[in-house]
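Each chain is listed here by its residues.
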Amino acid sequence: MFNCHLPVYGNSSHLLPRHSYRPCHLVAVRAWKAPFGLGQTPAKKQSREVSRELQKDLEEFQQWAVKHGLPKQQVEVQTVPGQDRGLFATEKIRKGQQLLQIPDALLLTADKAAEECCVGSALKDAGMFDWTVLATYLIELWDQQEQGHASSYWAEYIALLPESTGCILEWTAKEVQNLLEGSPLQKKAMDIRDAAEKSWLEVQPVLQQAAEQGLINPEFYTQRRYQWAFSILLTRLCRLPGRGNEEVLVAWGDMANHRSDVTSFLDWDRTKKQIVFQPDCSYDPGEQVYVSYGPKTSGELLLSYGFMLAPESNPNDAYLLEIALDENDSQLQGKLAALQQYGLSAKQQFPLKVNALPDGLLEYAAFIAATPGRSDEIPVLAEYLFGKHQFPLLDKVDCRILGIKYVLTVCRTAMLGYKKTMEVDKEYIETQRTRLQDSTFDTEDSSGSQVAQIERSIAAAVLRVRERQILHRTTFILKQSKR
């Protein structure tokens, strides 16, 4: 039944704060702060005004870091317009030169949090996740800071943590519903928010018991405070392959900003027992030194870190197209068994880019759409598509064409999910950008919340436009390939 013609893609999940990419995940808070300059490449040398209070905090932080083992650095922390802070070269830095050398003493780990937090042992005994332990300890440290008790080991580090990050946990439910309607990012956003909500509910028994024992002030351990702590973790936790993918807060290292063309990331050197970074390009004195947060799309950056790059300038930008087995497929069980044999699931996401189709897309779509006449043909079809990477004829039907038609249908359905047209979104972007630039709109007098809402709405509109551009382009490529 099969005549051979003359190649699968893993699941992508994003639950707080687990990340699926190998590089570290750090953040420059509010790096996407001026939507009218969305995605502009940062100038190599920038004017940076520092308030006396911030300058004092930075100096005390650097003194603290040196006191606890940070060696002489080739970079220093400076403020960056629209990016809060960043690391800048103080001398010529060569490509591949080993930088930072951050000792373990400057890493805030879940184990340290459990040991130092007043309810750490109770959290561990209750089986709380590491990030719940870390979040609770951050709240305790922040409380000490608010009460003027600056004697904590981590006081200088906590003093530099932002009160807001711009990540998805700070959006309202209405914003998630309206701004991301039609986008596959909406589900990612809901997953992150649901995970934070679940963690908050799970920690309640421990907090209640601690309050009864007089260990904590329950008025401070609120859901809003946990939202802040989870936001800090979502935007600043660094996963270290060199420490078995342990996720930690890296004081000093988490001041580094992301750039899409940078591939180097922080990691733990097992031999030197330090966090190290080897840049993939050279830097002159005064230039900002960047790290990679991973091959993130603009939408993923916005959800996780509260900033985004102009989609057209981000080589990792993509529309995550989801294709799934139909639960009513008469051959559901046979297909599922065949997929599992090749490490695939009943639902897969494929990153559509504006100029290319992802590997495995047409094979997977063809398998989903195919209707073999007999159940014993299913594993044979899977072997051709996923084992040999070949498109056979099935009952005289070219499986490649079958896959193309199925993906075209999924793309058309996806485009129908957007509430507004691209033209409406483009007009909205320009209107709101003009509004923020208008001299009559005083951002100093306007509430930070209002400005943030406008910025988020512009960012979401930019993403919606880009996603549909990718869908339209994919549709064009597929139609051309049918010829």
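For the structure, see preceding data.
Residues numbered from 1 in each chain as written. Predicted model: local features only at pLDDT ≥ 70, side-chain atom pairs only at ≥ 80, totals over all residues. Heavy atoms only, no water.

Student: Help me understand the environment of Lys335, please; the structure alone is not making it clear to me.
Tutor: Relative to the assigned elements, Lys335 resides in helix H10 (residues 332–341). For Lys335, a relative accessible area of 2% translates into the label buried. C-alpha separation for the pair Lys335 and Ser345, spaced ten residues apart in sequence, amounts to 9.8 Å. If we skip the residues at most four places from it in the chain, Lys335 touches Leu325, Asp329, Phe367, Ile368, Ala369, Ala370 and Ile378. (Helix = DSSP H or I, 4+ residues; strand = E, 2+ residues; numbered from the N terminus. Buried < 20%, exposed > 50% of the residue type's maximum accessible area, 1.4 Å probe, protein only. Contact = heavy atoms within 4.5 Å.)

Student: Just checking my understanding: could you explain the pattern of salt bridges for this structure?
Tutor: Close approach of charged atoms lets side chains of opposite charge pair. According to the stated counting rule, one finds 21 salt bridges in the structure shown. A salt bridge links Lys56 to Glu60; the nearest nitrogen and oxygen atoms lie 2.6 Å apart. Note that Lys56 and Glu60 are positioned in helix H1 (residues 52–67) at a spacing of four residues, about one turn of the helix. Looking at Lys56, the relative accessible area reads 47%, which means it is partly exposed. On the basis of relative accessibility, which here comes to 31%, the residue Glu60 falls in the partly exposed class. Taking the shortest distance from any N to any O, the salt bridge between Asp317 and Arg466 comes out at 3.8 Å. You can see Asp317 sitting in the loop between helix H9 (298–305) and strand S12 (319–324) and its partner Arg466 sitting in helix H15 (residues 448–481), a full 149 residues away along the chain. For Arg466, a relative accessible area of 15% translates into the label buried. (Salt bridge = Lys/Arg side-chain N within 4 Å of Asp/Glu carboxyl O.)

Student: Looking at this structure, I do not really get the pairing of strand S10 (residues 274–277). What am I missing?
Tutor: On a regular strand, one side chain projects to one face of the sheet and the next to the other, so that they alternate. Side chains Gln274 and Val276 project from S10 onto one buried face, and the interleaved Ile275 and Phe277 project onto a second face that is buried too. The sheet contact formed by strand S9 (residues 267–269) and S10 spans three bridges and is antiparallel. Following the sheet pairing, Asp267 is matched in S10 by Val276. Counted between consecutive antiparallel strands, the loop separating S9 from S10 contains four residues, among which Lys273 sits at a positive phi close to 55 degrees. (Pairing = 2+ DSSP bridges.)

Student: Would you explain helix H11 (residues 361–369) in this entry?
Tutor: Helical periodicity: at 3.6 residues per turn, an α-helix aligns residues three or four positions apart in one direction. For H11, the tally of buried residues reaches eight of nine residues, placing the bulk of the element in the interior. Leu361, Leu362, Glu363, Tyr364, Ala365, Ala366, Phe367 and Ile368 are the residues of H11 that are buried.

Student: Even after reading the chapter, I still don't get the packing of helix H4 (residues 130–146) against helix H7 (residues 185–212), so can you show me in this structure?
Tutor: When two helices pack together, you describe them by how their axes are tilted relative to each other and by the distance separating the axes. As a packed pair, H4 and H7 sit with axes 11 Å apart at the nearest point and diverge in direction by 75 degrees. As judged from the angle between their axes, H4 and H7 are roughly perpendicular. Contact with H4, carried on its side by Trp131, Thr132 and Thr136, involves Ala195, Ser199 and Val203 of H7 and no other residues of that element. When grouped by side-chain class, the residues that make up the contact of H4 with H7 number three nonpolar, three polar and no charged. (Axes fitted to C-alpha atoms, helices over the stretch in contact; angles between N-to-C directions. Parallel < 35°, antiparallel > 145°, perpendicular 65-115°, else oblique. Nonpolar A, V, L, I, M, F, W, Y, C, P; charged D, E, K, R; others polar.)

Student: What am I meant to see in the side chain of Asn316 here?
Tutor: Along the polypeptide, Asn316 turns up in the loop between H9 and S12. When residues no more than four places from it in sequence are discounted, the contact partners of Asn316 are Ser260, Gly294, Pro295, Lys296, Thr297 and Lys353.

Student: Just to check I follow, could you spell out the packing of aromatic side chains for this structure?
Tutor: Applying the stated criterion to the full structure yields 19 aromatic pairs. Geometrically, the ring pair formed by Tyr342 and Phe386 is tilted, given 5.9 Å between the ring centres and 55 degrees between the ring planes. Taken together, the residues Tyr342 in the loop between H10 and strand S13 (347–352) and Phe386 in helix H12 (residues 377–387) connect sequence positions 44 residues apart. Ring centres of Phe350 and Tyr364 lie 5.6 Å apart, and the angle between their planes is 50 degrees; on these two criteria the pair is classed as tilted. Placement of the pair is Phe350 in strand S13 and Tyr364 in helix H11, with a sequence separation of 14 residues. For Phe350, a relative accessible area of 0% translates into the label buried. (Phe/Tyr/Trp six-rings, centres within 6.5 Å; stacked < 30°, edge-to-face > 60°.)

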